[in-house]
Amino acid sequence: MDADVVVLKESGPRLEFVNHASVLVSSTSLGLLTDPWYFGRVFHEGWSLLAETTDAEIRDLLQRTDVIWISHEHPDHFSPPFFKRYGELIRQRGIRFLFQTTRDQRVAGFLRGQGFPVQELDEDEVLALQPGFSVQIVKDDLYDSALLIEVDGVRIFNLNDCLLSTDQALADFRKRHGACDVLLTQFSYAAWKGGPDHPAWRKRAARSKLDVMRRQMEHLGASACIPFASYVRFGHRLNAYMNDAINHPGQVRDELASSGAEVVVMRPGEVQSLRRLQQDQDSLAFWGQCYAEAAAEPLAEYPLMDGLEPLREAMSVYQSWVFRDNSRWLMRQACRWMKLKPFGLTRLWLLDLSLAVEVDPIFGRLDVVPSDDLDLAMHSRSLEFIFRFPFGFDTLFVNGCFEECRPGGFERFAKCFVIGNLNAIGIHVGPGIIRHGRVLSLLLKKMRTVGENTAQPS
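Residues numbered from 1 in each chain as written. Predicted model: local features only at pLDDT ≥ 70, side-chain atom pairs only at ≥ 80, totals over all residues. Heavy atoms only, no water.

Engineer: Just checking my understanding: could you explain the environment of Ala-51 for this structure?
Structural biologist: Along the chain, the position of Ala-51 falls in the loop between β4 (47-49) and α1 (55-63). Linking Ala-51 and Arg-388, residues 337 residues apart in sequence, is a C-alpha distance of 30 Å. (Helix = DSSP H or I, 4+ residues; strand = E, 2+ residues; numbered from the N terminus.)

Engineer: How should I be thinking about the packing of helix α12 (residues 392-399) against helix α13 (residues 409-417) in this particular structure?
Structural biologist: In contact at an axis separation of 10 Å, α12 and α13 are set at 150° when each is read in the N-to-C sense. The angle between α12 and α13 falls in the class roughly antiparallel. Contacts between α12 and α13 involve Phe-393, Leu-396 and Phe-397 from the first element and Phe-410, Phe-413, Ala-414 and Phe-417 from the second. Of the residues contributing to the contact of α12 with α13, the split by class is seven nonpolar, no polar and no charged. (Axes fitted to C-alpha atoms, helices over the stretch in contact; angles between N-to-C directions. Parallel < 35°, antiparallel > 145°, perpendicular 65-115°, else oblique. Contact = heavy atoms within 4.5 Å. Nonpolar A, V, L, I, M, F, W, Y, C, P; charged D, E, K, R; others polar.)

Engineer: Which parts of the structure should I look at to understand the pairing of strand β10 (residues 144-151)?
Structural biologist: Each regular strand carries side chains that alternate between the two faces of the sheet. Counting buried residues in β10 gives seven out of eight residues, a clear majority hidden from the surface. As paired strands, strand β9 (residues 133-140) and β10 are joined by eight bridges and run antiparallel to one another. Bridged to Phe-133 within β10 is Val-151. Taken together, β9 and the strand that follows it, β10, pair antiparallel across an intervening segment of three residues, in which Asp-141 is found at a positive phi of about 55°. Counting the residues between successive antiparallel strands, the hairpin from β10 to strand β11 (residues 154-160) contains two residues, one of them, Asp-152, with a positive phi of roughly 50°. (Buried < 20%, exposed > 50% of the residue type's maximum accessible area, 1.4 Å probe, protein only. Pairing = 2+ DSSP bridges.)

Engineer: In this structure, what is going on with the pattern of salt bridges? I would like to understand it.
Structural biologist: Pairing between side chains of opposite charge can happen when their charged atoms approach one another. Inspection of the entire model under this criterion finds 29 salt bridges. Between Asp-124 and Arg-176 there is a salt bridge, and its shortest N-O distance comes to 2.6 Å. Residue Asp-124 is located in the loop between β7 (118-121) and β8 (126-130), and its partner Arg-176 is located in helix α5 (residues 167-177); the two are separated by 52 residues in the primary sequence. With relative accessibility at 49%, the residue Arg-176 sits in the partly exposed group. In this structure, Arg-155 engages Glu-150 in a salt bridge whose closest nitrogen and oxygen atoms are separated by 3.7 Å. (Salt bridge = Lys/Arg side-chain N within 4 Å of Asp/Glu carboxyl O.)

Engineer: Looking at this model, I keep getting lost on the sheet that holds β8. Mind explaining?
Structural biologist: Sheet strands line up and pair through hydrogen bonds in the backbone, either parallel or antiparallel. Taken together, the seven strands give an open sheet; going across it, the order is β8-β9-β10-β11-β12-β13-β15, and neighbouring strands pair in mixed fashion. Across the chains shown, the open sheet's two edge strands, defined by having one partner strand only, are β8 and β15 (262-263). In this structure, β11 lies alongside strand β12 (residues 182-186), joined through four bridges in parallel fashion. Within β12, the residue paired with Asn-160 across the bridge is Thr-185.

Engineer: Honestly, the nonpolar core in this entry has me stumped. Any pointers?
Structural biologist: Across soluble globular proteins, nonpolar side chains have a tendency to be buried as a group. The biggest cluster of nonpolar side chains holds 116 residues, and the ones touching the most others in it are Leu-383 and Phe-417. Residue contacts for Phe-417: discarding those within four places in its chain leaves Tyr-318, Thr-346, Val-359, Pro-361, Leu-383, Ile-386, Phe-387 and Phe-393. Val-18, Ile-68, Phe-78 and Ala-108 belong to the second largest nonpolar core, which has 25 residues in total. (Core = buried A, V, L, I, M, F, W, Y, C linked by side-chain atoms within 4.5 Å.)

Engineer: Help me understand the pairing of β11, please; the structure alone is not making it clear to me.
Structural biologist: The element β11 is largely enclosed, with a buried count of six among its seven residues. Taken together, β11, α5 and β12 constitute a β-α-β crossover, and its handedness is right-handed. (Right-handed = clockwise from strand over helix to strand, strands pointing away.)

Engineer: Hey, could you run me through unusual backbone geometry in this one?
Structural biologist: Excluding glycine, most residues fall at negative phi; most peptide bonds, likewise, are trans. For Gln-105, which is not a glycine, the phi torsion comes out positive at approximately 65°. With respect to the helices and strands, Gln-105 occurs in the loop between β6 (96-100) and α4 (106-113). The residue Asp-373 is not glycine, and still its phi comes out positive at about 55°. Within the fold, Asp-373 resides in the loop between β19 (365-368) and β20 (376-378). Owing to a relative accessible area of 44%, Asp-373 belongs among the partly exposed residues under this scheme.

Engineer: Mind showing me how you'd approach the environment of Ile-70 here?
Structural biologist: Relative to the helices and strands, Ile-70 is located in the loop between β5 (67-69) and α2 (80-85). Once residues within four sequence positions are removed from consideration, Ile-70 is found in contact with Asp-35, Pro-36, His-77, Phe-78, Phe-83, Phe-97, Leu-98, Phe-99 and Ser-145.

Engineer: So what exactly am I meant to see when it comes to the side chain of Ser-380 here?
Structural biologist: With respect to the secondary-structure elements, Ser-380 resides in helix α11 (residues 380-388). Given a relative accessible area of 0%, Ser-380 falls into the buried group. When neighbours within four sequence positions are excluded, Ser-380 is seen to be in contact with Met-305, Leu-311, Leu-350, Asp-352 and Leu-353.

Engineer: How should I be thinking about the packing of α11 against α12 in this particular structure?
Structural biologist: When two helices pack together, their arrangement is given by the angle between their axes and by how far apart the axes lie. Where α11 contacts α12, the two axes come as close as 7 Å, and the packing angle between them is 145°. For the pair α11 and α12, the contacting residues are Ser-382, Phe-385 and Ile-386 in the first and Gly-392, Phe-393, Thr-395 and Leu-396 in the second. Here the contact of α11 with α12 is composed, by residue class, of four nonpolar, three polar and no charged.

Structural data, given as structure tokens:
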């Protein structure tokens, strides 16, 4: 990507679109950068950018950056390779980081480990970066957050991936936080949507995103909306079919023309005054070319697994990190006696090995079984990734490199591996877990919703 930064001569608050979910909001003397992911594949090789940002562009951008805000831990918003590659320049510039206060401290701890100053903000805490330039973090769902920015009297709501979709939720948000002038929000679906045989589900998901954008603009009073956080391609052989119904930015602008807000699609490096946002036709042409070229890009593939033994070894790693922080006895008792059977076994078809296996990580079993009553089909490398990383299950759901084999299969698989999600938000299975009943209910509700959607006719 060799887009030139267009520098405005006029003074006043500005917004530069950088890439995907990353923008630079600037006053005359301070630059606030959001969610930098500019290169490389993420979600276990499942996603790639439609256009990568060059090294020269990144270095120039960081020269104009004073503060970086990270919304949440997903790698298309929090990219460790970026921080490692450009750490020296970030430290030299004295750039500081903003992040929501969390129990687990994983993101803040990583950043501090790189030698970066980090300021954690509590829910709804307002931070003045300088006179006339303030920010406020609003937590959403299990681990996401929105950023409310006010610069020189202009209010910007960066909702990125937040699940603010219903009329009631948006009305409550407006009551708490008021209206905005400029809205930044996701414009297409960003996770598994039903398998190759369910195109209707993906079409529904794409339409739903447009409906949500319309409701967000209306409820939050936005005069302008910048679609972002969806400039990606499902780039693996196992998930590329999901590109068939994604929303394109030009389509989004056309569909929402009657919304009452100006929908402005921006290209990388484009800078506009926040007081006079307007559509540049070159930006629509830029993205049209990117989508066309992306369709011809080669797809990623996982290397073959050499039998089941590497998976059994990886399951030992899984047990070590799970039982280090969670009660083995309580997890087994919950699996044995609770009606919902959390942490129970799952049955999988391993695509590369052509084997059906029963996986019971809590009791330490991974055995070949008859190929009936299976939950999911996936590559062995995906299962290995789940075993090795606490965020592995979440990664699989987002990259969509699997298929459901029977109704309810995903829900049973999710309950088997939900412990990683719990630990990621600072909740561990022990005597005090009863205090987190609301969070557990939310997780189970999300699993049931996925299961209900897969059961809908196509």
